[in-house]
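What follows is each chain in one-letter form.
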Amino acid sequence: MQTNNHQIVDYDAVLNAKFGEPGTPERIEAEEKAYAFYTGQIIEDARKKAKITQAELARRIGSNRSYISHVEKGITEPRISTFYRIMNALGVRIEYSMVLGQ
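These figures come from a predicted structure and were not determined experimentally.

About the cut-offs
- Residues numbered from 1 in each chain as written.
- Predicted model: local features only at pLDDT ≥ 70, side-chain atom pairs only at ≥ 80, totals over all residues.
- Heavy atoms only, no water.
- Helix = DSSP H or I, 4+ residues; strand = E, 2+ residues; numbered from the N terminus.
- Rg over C-alpha atoms; globule rule 2.2 N^0.38 Å.
- Areas by Shrake-Rupley, 256 points an atom, 1.4 Å probe, with all protein chains shown as cover.
- Salt bridge = Lys/Arg side-chain N within 4 Å of Asp/Glu carboxyl O.
- Buried < 20%, exposed > 50% of the residue type's maximum accessible area, 1.4 Å probe, protein only.
- Axes fitted to C-alpha atoms, helices over the stretch in contact; angles between N-to-C directions.
- Parallel < 35°, antiparallel > 145°, perpendicular 65-115°, else oblique.
- Contact = heavy atoms within 4.5 Å.
- Nonpolar A, V, L, I, M, F, W, Y, C, P; charged D, E, K, R; others polar.
- Phe/Tyr/Trp six-rings, centres within 6.5 Å; stacked < 30°, edge-to-face > 60°.

(A) How the structure looks around the overall build of the protein. Each helix and strand in the protein was counted, giving five helices and zero strands. Helices and strands appear in the protein in the N-to-C order α-α-α-α-α. Against the 2.2 N^0.38 benchmark of 13 Å for 102 residues, the protein shows a C-alpha radius of gyration of 17 Å, more extended than a compact globule. Split by element, the accessible area of the protein, about 8,100 Å² in all, is 53% carbon and sulfur.

(B) Local environment of unusual backbone geometry. Phi is positive for Lys 51, which is not a glycine, with a value near 60 degrees. Along the chain, Lys 51 falls in the loop between α2 (25-50) and α3 (54-61).

(C) Examining the pattern of salt bridges more closely. Using the criterion set out here, one finds seven salt bridges in the structure. Residues Lys 48 and Glu 44 are paired through a salt bridge, measuring 3.0 Å at the closest nitrogen-oxygen approach. Taken together, the residues Lys 48 and Glu 44, both in helix α2 and four residues apart, mark about one turn of the helix. Look at Lys 48 and you get partly exposed, because its relative accessible area is 48%. As a salt-bridge pair, Arg 60 and Glu 56 come within 2.9 Å of each other at their nearest N and O atoms. Pair noted here: Arg 60 and Glu 56 are both in helix α3, with a separation of four residues, about one helical turn. Taking relative accessible area as the criterion, Arg 60 reaches 40% and is therefore assigned partly exposed.

(D) Focus on the packing of α3 against helix α4 (residues 65-73). At a closest axis distance of 8 Å, the pairing of α3 and α4 adopts a crossing angle of 110 degrees. By the angle between their directions, the pair α3 and α4 is classed as roughly perpendicular. Contacts between α3 and α4 pair Gln 54, Ala 55, Leu 57, Ala 58 and Ile 61 from the former with Arg 65, Ile 68, Ser 69 and Glu 72 from the latter. Residues of the contact of α3 with α4, tallied by class, amount to five nonpolar, two polar and two charged.

(E) Spatial organisation of the packing of aromatic side chains. Tallied over the full model, the rule gives one aromatic pair. Seen from their ring centres, Phe 83 and Tyr 84 are 6.3 Å apart, and the 75 degrees between their planes marks the pair as edge-to-face.

Printed below as a string of structure tokens:
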């Protein structure tokens, strides 16, 4: 197991070195992949908490197990309407807030 020798790490610098500065095409692509992965993890965690299979979730939203698998792995990012259908099928209540004009 590797450690960072208990040093403070500037993760912005790490991200910049690995994926480019914010706003660059490489960074935008990496962030989009990260969002897709994170969305998949949210769905997978909610599905497991609801104790249903990918096949059952797919049935509930009128899709197939393969689609759910791809979403959970971050390979496919669902449209927002599909995300809401998935969350509804899992009995998850979504709350959000927006702040405009920062």
